[in-house]
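Inside the fold
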Amino acid sequence: MNDEIFEQIHKSLTVEQIMTPREDFYFYPQDSKFHKEITVFPIKNEDRSITMYFDSKGSREHYILPNKVVSKSLDIMSLIKMLDKNSFFFVIHDEIVGIVTVADLRKGAVRTFFYLLLYRLENQMKMFFKEKISEARFIELARPKCRSQNRVYELSVFEECSFYDYLVALKNYDAFKQKHGLSVRDVEQFGGLDKFRNWIMHPSREEVKVKIDSDMEYNRYLFKQLDRIQKLEILLQDPLLQDS
């Protein structure tokens, strides 16, 4: 996937795709006593405008300040980073049109966003090794299962190996570690991406599901994986790396 196509799809995945729209709001006080699982209730003024909300955790009313609003066109990557500090935002488009919370990060558009990121990262790792080292050297580093049998292969090992194989190769690639001052433990931090990748690609498989009940903890998990992906992408873009 080239960067232009990625950016087009990335920009189309926005807050609007995962927010609760205004027509589905539960308002305070009339709805709050019937929905114990909800903590934030907008307050409707006489003119039907919304300028305040009720927080059931603190049992207080609050004005909706600028630091509690986001645009409906905000991209999901930015939202994930912002929700690491706040549990919800009101969504505006001239006026308040929705609300987005950490619970909304469990929706399909967010999974699609990470699918795209991981797809691009796997391609970047493939090109990184394909341009830097030989197939024989890569097999020595990664020991991929696709080369564990003595047979004739039609495709290059770079076309047949897995996401996990690339991560193993990075762990064993001394030039990568030395150039960036990374220890083996540092590089192993990227290993968590393999489990995350399996979960994103196969959400129906019980053994790879991420079992996190708390929405805030779930968001921190996503934020951590996003941070890992972005850091690894930056490291892979270094043009000066050569094989050791």
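Structure: above.
The written sequence of each chain sets the order in which its residues are numbered from 1. Side-chain atom pairs in this predicted model are given and counted only at pLDDT of 80 or more, local residue features only at pLDDT of at least 70, and totals for whole chains, interfaces and linings cover all residues. Calculation of side-chain values draws on the structure's entire complement of heavy atoms; hydrogens and water are dropped beforehand.

Section: the overall build of the chain
If you tally the helices and strands in the chain, you get ten helices and seven strands. Based on C-alpha atoms, the radius of gyration is set beside the globule rule, defined as 2.2 Å times the residue count to the power 0.38. Radius of gyration (C-alpha) of the chain: 23 Å, far over the 18 Å computed for a compact globule of 244 residues. For the chain, the spread of C-alpha atoms along the three principal axes comes to 75 × 35 × 35 Å. Think of it in three bands: with a 1.4 Å probe and only protein chains considered, a residue is buried below 20% of the maximum accessible area for its type, exposed above 50%, and partly exposed in between. Of all 244 residues assigned to the chain, the portion counted as buried reaches 43%. Surface exposure here means Shrake-Rupley accessible area, sampled with a 1.4 Å probe, where a residue is shielded only by the protein chains that are shown. With the model as given, the accessible surface of the chain reaches about 13,900 Å², and the carbon-plus-sulfur share is 48%. As used throughout, the charge tally considers Lys and Arg to be positive and Asp and Glu to be negative, leaving His and the chain termini uncounted. To locate a charge, take NZ of a lysine, CZ of an arginine, CG of an aspartate or CD of a glutamate. When the 37 basic and 38 acidic side-chain charges of the chain are each reduced to a single mean position, those positions are 4 Å apart. Going along the chain from the N terminus, every DSSP run of H or I of four or more residues is numbered as a helix, and every run of E of two or more is numbered as a strand.

Details of helix H6 (residues 163-172)
With seven of ten residues buried, H6 is to be regarded as a mostly interior element. Within H6, the full set of buried residues consists of Phe-163, Asp-165, Tyr-166, Leu-167, Val-168, Ala-169 and Leu-170.

Thoughts on the sheet that holds strand E5 (residues 69-71)
Pairing between strands is defined by DSSP: at least two bridges between them are needed. Taken in spatial order, the four strands line up as E1-E7-E6-E5 in an open sheet, and their pairing is mixed. Either end of the sheet is taken by a strand with one partner, and the two such strands are strand E1 (20-21) and E5.

Details of the pattern of salt bridges
Salt bridge, as used here, is a side-chain nitrogen of Lys or Arg placed within 4 Å of a carboxyl oxygen of Asp or Glu. Under the definition given, this model contains ten salt bridges. In this structure, Glu-140 engages Arg-137 in a salt bridge whose closest nitrogen and oxygen atoms are separated by 3.4 Å. Taken together, the residues Glu-140 and Arg-137, both in helix H4 (residues 135-142) and three residues apart, mark about one turn of the helix. Each member of the salt-bridge network shares a partner with another, and the members are Lys-126, Lys-130 and Glu-159.

As for the packing of H6 against helix H9 (residues 192-201)
Each axis is a line fitted through C-alpha atoms, and for a helix only the stretch in contact is used; angles between axes span 0 to 180 degrees, taken between their N-to-C directions. With their axes 9 Å apart at the nearest point, H6 and H9 run at an angle of 170° to one another. On the basis of the axis angle, H6 is roughly antiparallel to H9. Contacts from Phe-163, Tyr-164 and Leu-167 in H6 reach Leu-193, Asp-194 and Arg-197 in H9. In terms of residue class, the contact of H6 with H9 is made up of four nonpolar, no polar and two charged. For classification purposes, an angle smaller than 35 degrees is called roughly parallel, one larger than 145 roughly antiparallel, one from 65 to 115 roughly perpendicular, and anything else oblique. Two residues form a contact once any of their heavy atoms are found within 4.5 Å. We call Asp, Glu, Lys and Arg charged. Ala, Val, Leu, Ile, Met, Phe, Trp, Tyr, Cys and Pro are nonpolar, and the rest, Gly among them, are polar.

So, the packing of aromatic side chains
A pair of Phe, Tyr and Trp rings is counted when the ring centres sit within 6.5 Å of each other, with Trp represented by its six-membered ring. The angle between the planes then sorts it: under 30 degrees is stacked, over 60 is edge-to-face, the rest tilted. Under the defined criterion, the tally for this structure stands at 20 aromatic pairs. An angle of 40° between the planes, with centres 5.9 Å apart, marks the rings of Phe-196 and Trp-199 as tilted. Separated by three residues within a single helix, Phe-196 and Trp-199 lie in helix H9, roughly one turn from each other. In this pair, the class of Phe-196 matches that of Trp-199, namely buried. Between Trp-199 and Tyr-221, the aromatic rings sit 6.3 Å apart at their centres with planes inclined by 75°, giving edge-to-face as the arrangement. Separated by 22 residues along the polypeptide, Trp-199 in helix H9 and Tyr-221 in helix H10 (residues 215-236) bring together distant segments of the chain. The buried category is assigned to Trp-199, whose relative accessible area is 5%. One aromatic cluster is present, built from ring pairs that chain together Phe-128, Phe-129, Phe-138, Phe-158, Tyr-166, Tyr-173 and Phe-176. By the criterion adopted, a ring carries a charge over it if an Arg CZ or a Lys NZ lies within 6 Å of its centre and within 35 degrees of its normal. Taking the ring centre of Phe-88 as reference, the NZ or CZ of Lys-68 above it sits at 4.2 Å. Over the ring of Tyr-218 we find Arg-106; its NZ or CZ atom is 4.1 Å from the centre of that ring.

Focus on the side chain of Asp-165
As for its placement among the helices and strands, Asp-165 is situated in helix H6. Of the buried charged residues, Asp-165 lacks a salt bridge, with Lys-145 as the closest side chain of opposite charge at 7.7 Å. Other than its neighbours up to four places away in sequence, Asp-165 contacts Phe-138, Ala-142, Pro-144 and Lys-145.

Here's the deal with the nonpolar core
As used here, the term nonpolar core means buried Ala, Val, Leu, Ile, Met, Phe, Trp, Tyr and Cys residues forming a set that is joined through side-chain atoms within 4.5 Å. In terms of nonpolar packing, the biggest core is built from 58 residues, with Phe-114, Phe-129, Phe-138 and Leu-232 touching the most fellow members. At eleven residues, the largest contribution of residues to this core is made by helix H3 (residues 108-132). Those residues within four positions of Leu-232 in sequence are excluded, and the remaining contacts are Leu-121, Met-125, Leu-167, Leu-170, Phe-176, Phe-190 and Leu-193. Judged by nonpolar contacts, the second largest core, of ten residues, contains Val-40, Phe-88, Phe-90 and Ile-99.

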